[in-house]
Amino acid sequence: MGKKKQKIVLPPELPPEIPDEAVEVSDEDVTFVTENREYTGFLSNLDTKSINKHVTRVADVKEDELESLYERRLKKKSLDKETEKQGLEVDPVDALPVKTLDGKLYYRTVPKATQKSENEDKEEANTNSKDAGIDASVVRLTKAEKRAKLKKTRKEAKKQAKEVAEVEDVEQIPQAEVLDEVINDMTAEEANAKKKFRLAELGTALLTDPELNIKSLKEMLEISKDGDRDIAVLALKSLLAVFRDIIPGYRIRLPTEKEQEMKVSKAVKKMRFYESTLLSTYKAYLQKLIAVEKQAVYKRVAVRCICTLLEAVPHFNFRENLLAAVIRNISSEDDISRKLCCATVKSLFTNEGKHGGEVTVEAVQMIADLVKVYDCQLHPDSIEVFMSLTFDDDLGKRETQDANNKFKSKNAKRKNLKELKESAANEKKRTRKEMMSKTREEVTTELKAASLATDVTERRRMQTDVLSAIFETYFRVLKHAIKPRSEAGSSSQPAGSHPLLTPCLNGIGKFCQLIDLDFMSDLMNYLRKLARSGNNSDGSSKDVSACLTVSERLQCCIVAFRVMRNNLDALNVDLQDFFVQFYNLIIEYRPGRDKGEILAEALKIMLCDDRQHDMQRAAAFIKRLATFSLCSGSAESLAALVTLKHLLQKNVKCRNLLENDAGGGSVSGAIAKYQPYATDPNLSGALASVLWELNLLSKHFHPAVSTMASNISMLGTGDNQVHLSNKSPQQAFKELSLEQDSFIVKVDLNAKRKKGNASLKHICMGADLDSTIQVDENDVKKKLSEHYSLLHDIAENERLRGELVGTTLSLNLYEQYKKQKKRRTK
């Protein structure tokens, strides 16, 4: 090995040379040094030998080599400064650029270290010494300098490593996360696409050959349990379409253990496997739907699948579970789910050929139980589905005919038996007849079993069960409406709320001819109490929760008249109470708040369609309707005027109200003065009044109302003018209510009065003044309704104050009674 070249360590740079002449020592400096010997003591302790050694250690180096060494150092410093200006140095490992998510390219760089490590210094020194050929023993660092240099290089290396790691984390981690997310999304989309394609394959195979591919149902059911909502919904809908197509038209009965032990053919085994797999998968599918139906995300999809299955295959297994789920959602808060369930129940009621009427009985009984559990606080649609039911009124007649036929056949058989006994000699004929009768009976039984139509007795039994459940529900609703507030307030709903009352009254009006006559008296009592709405005939109030609206009370009167008409031969009921209530309800009616259709129907059924009325009652209704026409809408006014005209045409003596003399002529009756605030129409004395309201109504803004009032006022008192109008109050109300939106009131501002009168003052607002003024009838209705509702509230407050005063007086009397009782005991 050759001799190693020593490292050359340059001496520190000397301070700039100052000539001795330029150095000036002042007297103050000299005095300061002489006085402060403590501070200048270090000068005496200086190691002059080591200083001289460091200064003179490169004395043997040649001048050319020393100059070249200084030149190389200066070049290196200039290069370092240029790289520092650029700021970065390229790592040879990451020589290629990096692309960001924005599409920009950049180079990963590392800042240059300010100082080099000890090894680099040594290598540099070695290279320099090689070039210079200097001995290593000439330049040596002290131990303190070496330690300080090592500490510095380690600290700088650690700082540099931390900065590089932070830069790499900031640059690499977000890019990796984004790439992972993109890859996961791509894989999820691919997996979903594969699942959708698989569902399509399985569904097509099942629809093509169900018996061969029946195992695919389980795989489709597994896909429906996927975490992705879209895939789960698609699987549920696919299973629904498959089940609707492959379910047979009969109920599946699985074989018993004994039947499974028996030897059967391959076809029977194949059919058993197919039916058992179909039934087990169908059961698991229904369990999945019922479990998913409780989740808000899948509720509508599950309800739609359940309703579709029940409507398509009501004869198949597990229909009780489907029907229970549908009835449970028949009063749901979700409008879409509720409408789906109601439509399904209505289709079951109308299409009884699919299930033979058994599902109808079960559904009606479940609805009755639901009404009982929720204490009549359900949506009106829950019992409005009963209106879709149809009943066969001829079942009773057919039963009597069948009984007569059976009786006749029994008599014929008895006669035949007698003849056979008498002709005992001819045994062959008797045996033939017996064989013929047996075969006929067997054939008839087989025909009945094979035919789709159910037996008459079975249909009558189911119809009876349905009617009993329906009327049980209706009577429960009526009883709940009449409950006192103390009992009705226990429910979650506020007292006085009866959402099921309106559909209940509609149902009673439709099926009243099927009600048993034993319950008619109870029904009429309920309707009478509801029409009073908690008020007695004497005006006192009860603690009753039936604070019904005017429309509901009018509907009670209508139902009572329908029940009376449909059972006219069997009932003998006095309807005077209903006339009294209707007489008072006409004034309580408010346009916009109450339903005008129900008022028009009540006018038609109670006044127009009824037989001849009592003269006092007819006059009272005529006067009340004329007063009502002044303060109601145009449609209600026209319906009231049509009824008024009908009553005047029917009751000739009531036409005396059209005369101008006060007192109504000679037929004023026992009451000589008209009592407008009387609650009983028979005690109002309306014959003593005059229909002055027709004069005002003839100037009504609506031409239909004004022409009708003019026609009524022109009626004569002769008996030869009895011709009834063809238009009913319902038709008049409907026609005018449809025309109200497009009706525009026209006022002629340039109209002139009759001859002899001064002309109208016309204020001209300009040449472009339109001759038509549009009156918003809705605003007028709104203001009038607010005014009358305010008056009604004032009257109600006065009534409540009167009740409060009465209760306070009774409490004071009770306290006085207690005090007197205590005194007596003492």
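Residues numbered from 1 in each chain as written. Predicted model: local features only at pLDDT ≥ 70, side-chain atom pairs only at ≥ 80, totals over all residues. Heavy atoms only, no water.

1. Focus on the overall build of the protein chain
At step 1: Helix and strand counts for the protein chain come out as 29 helices and four strands.
At step 2: The 826 residues of the protein chain split such that 33% are buried.
At step 3: A separation of at least 24 residues holds for 75% of the contacts in the protein chain among residues at least 6 apart in sequence.
At step 4: Total accessible area on the protein chain is roughly 53,800 Å²; 53% of this is exposed by carbon and sulfur atoms. (Helix = DSSP H or I, 4+ residues; strand = E, 2+ residues; numbered from the N terminus. Buried < 20%, exposed > 50% of the residue type's maximum accessible area, 1.4 Å probe, protein only. Contact = heavy atoms within 4.5 Å. Areas by Shrake-Rupley, 256 points an atom, 1.4 Å probe, with all protein chains shown as cover.)

2. Quick look at the packing of aromatic side chains
At step 1: A complete count under the given rule lists 14 aromatic pairs for this structure.
At step 2: Between Tyr583 and Phe621 the ring centres are 5.5 Å apart and the planes differ by 85°, which places this aromatic pair in the edge-to-face class. Here Tyr583 is found in helix α22 (residues 576-588), whereas its partner Phe621 is found in helix α24 (residues 615-630), with 38 residues between them in sequence.
At step 3: On the basis of relative accessibility, which here comes to 0%, the residue Tyr583 falls in the buried class.
At step 4: Grouping aromatic residues by their ring pairs yields a cluster made of Phe243, Tyr282, Tyr285, Phe316 and Phe318. (Phe/Tyr/Trp six-rings, centres within 6.5 Å; stacked < 30°, edge-to-face > 60°.)

3. Details of the packing of helix α13 (residues 358-373) against helix α17 (residues 456-482)
At step 1: Where α13 meets α17, the axes come as close as 9 Å, and the angle between the chain directions of the two elements is 20°. Between α13 and α17, the crossing angle belongs to the class labelled roughly parallel. Judged by the twist between their axes, the crossing of α13 over α17 is left-handed. Contact with α13, carried on its side by Glu358, Thr360, Val361, Val364, Gln365, Ala368, Val371 and Lys372, involves Met462, Asp465, Val466, Ala469, Ile470, Thr473, Arg476 and Val477 of α17 and no other residues of that element.
At step 2: Residues that form the contact of α13 with α17 fall into these classes: nine nonpolar, three polar and four charged. (Axes fitted to C-alpha atoms, helices over the stretch in contact; angles between N-to-C directions. Parallel < 35°, antiparallel > 145°, perpendicular 65-115°, else oblique. Left-handed = near helix turned anticlockwise from the far one by under 90°. Nonpolar A, V, L, I, M, F, W, Y, C, P; charged D, E, K, R; others polar.)

4. Overview of the packing of helix α6 (residues 216-223) against helix α7 (residues 229-246)
At step 1: Taken N-terminus to C-terminus, the directions of α6 and α7 make an angle of 150°; their axes are 8 Å apart at the nearest point. Comparing their axes, α7 and α6 come out roughly antiparallel. In this structure, the crossing between α6 and α7 has a hand that is left-handed. Of the residues in α7, those touching α6 at Leu217, Met220, Leu221 and Ile223 are Ile231, Ala235, Ser238, Leu239, Val242, Phe243 and Ile246.
At step 2: Of the residues in the contact of α6 with α7, the class split is ten nonpolar, one polar and no charged.

5. Notes on the nonpolar core
At step 1: Ranked by internal contacts, the top residues of the largest apolar core, which has 153 residues, are Tyr285, Leu309, Phe386, Phe578 and Phe582.
At step 2: Among the elements that make up this core, the one with the highest residue count is α17 (twelve residues).
At step 3: In contact with Phe582, other than residues within four places in its own chain, are Leu554, Leu599, Ala602, Leu603, Met606, Leu607 and Phe621. (Core = buried A, V, L, I, M, F, W, Y, C linked by side-chain atoms within 4.5 Å.)

6. Description of the side chain of Glu552
At step 1: Structurally, Glu552 is set in helix α21 (residues 550-566).
At step 2: Residues in contact with Glu552, not counting those within four places in the same chain, are His498, Leu501, Thr502 and Leu505.

7. Description of the confidence of the model for the protein chain
At step 1: In the predicted model, the protein chain carries a mean pLDDT of 77, and 69% of its residues have values of at least 70.
At step 2: Ranking the elements of the protein chain by mean pLDDT puts strand β1 (residues 89-90) last with 46 and α13 first with 94.
At step 3: Below pLDDT 50 for its whole length, residues 537-546 participates in 30 contacts with residues either more than four positions away or in separate chains.
At step 4: Below pLDDT 50 for its whole length, residues 748-773 participates in ten contacts with residues either more than four positions away or in separate chains. (pLDDT = per-residue confidence, 0-100.)

8. Section: the state of the cysteines
At step 1: The full count for this structure, using the stated rule, is zero disulfides.
At step 2: With no disulfide of its own, Cys305 has Cys307 as its nearest cysteine by sulfur position, at a separation of 9.4 Å.
At step 3: Given a relative accessible area of 2%, Cys305 falls into the buried group.
At step 4: Unpaired in terms of disulfides, Cys341 finds its nearest cysteine sulfur in Cys307, a separation of 3.9 Å. (Disulfide = S-S within 2.5 Å.)

9. Observations concerning empty space enclosed by the protein
At step 1: Evaluated as defined, the whole model comprises one cavity of 30 Å³ or more.
At step 2: In this structure, the largest cavity occupies an estimated 30 Å³ of space.
At step 3: If you go around the largest cavity, the residues you meet are Glu311, Pro314, Ser347, Leu348, Asn351 and Lys354.
At step 4: Here the lining of the largest cavity is composed, by residue class, of two nonpolar, two polar and two charged. (1 Å grid on protein atoms, 1.4 Å probe; cavity = no way out; pocket = protein on both sides within 12 Å on 5 of 7 lines; lining within 4 Å. Points joined across faces, edges and corners; volume = space filled by probe spheres on them.)

10. Side note on the environment of Leu199
At step 1: On the secondary structure map, Leu199 appears in helix α5 (residues 143-208).
At step 2: Spatially, the C-alpha atoms of Leu199 and Met220 are 6.6 Å apart, while their sequence positions differ by 21 residues.

11. Quick word on the pattern of salt bridges
At step 1: Across all of its chains, the model carries 25 salt bridges by this definition.
At step 2: With a closest N to O distance of 3.2 Å, Glu201 and Arg198 form a salt bridge. Note that Glu201 and Arg198 are positioned in helix α5 at a spacing of three residues, about one turn of the helix.
At step 3: For the salt bridge of Glu693 with Lys623, the shortest nitrogen-to-oxygen distance reads 3.0 Å. (Salt bridge = Lys/Arg side-chain N within 4 Å of Asp/Glu carboxyl O.)

12. Looking at a positive patch on the surface
At step 1: Taken together, the side chains of Arg147, Lys151, Lys155 and Lys159 make up a positively charged region of the molecular surface.
At step 2: Within the secondary structure, Lys151 sits in helix α5. (Patch = residues over 30% accessible without salt bridge, like charges linked within 9 Å, V, L, I, M, F, W, Y side chains within 5 Å. Lys, Arg positive; Asp, Glu negative; His and termini not counted. Charge placed at Lys NZ, Arg CZ, Asp CG, Glu CD.)

13. Digging into a nonpolar patch on the surface
At step 1: Side chains of Ile18, Val23, Val25 and Val30 sit close together on the surface and give an oily, nonpolar patch of about 380 Å² of accessible area.
At step 2: By the secondary structure assignment, Val23 is in the segment before α1 (27-35).

14. Describing helix α10 (residues 299-312)
At step 1: Its 14 residues give α10 an end-to-end C-alpha distance of 20 Å, which sits within 8% of 20 Å, the value for a rise of 1.5 Å per residue.
At step 2: Within α10, burial applies to Lys299, Val301, Ala302, Val303, Cys305, Ile306, Cys307, Leu309 and Leu310.
At step 3: The inward-facing, buried residues of α10 contact α7, α9 (266-292), α11 (319-328) and α12 (335-350). (Expected span 1.5 Å × (residues − 1).)

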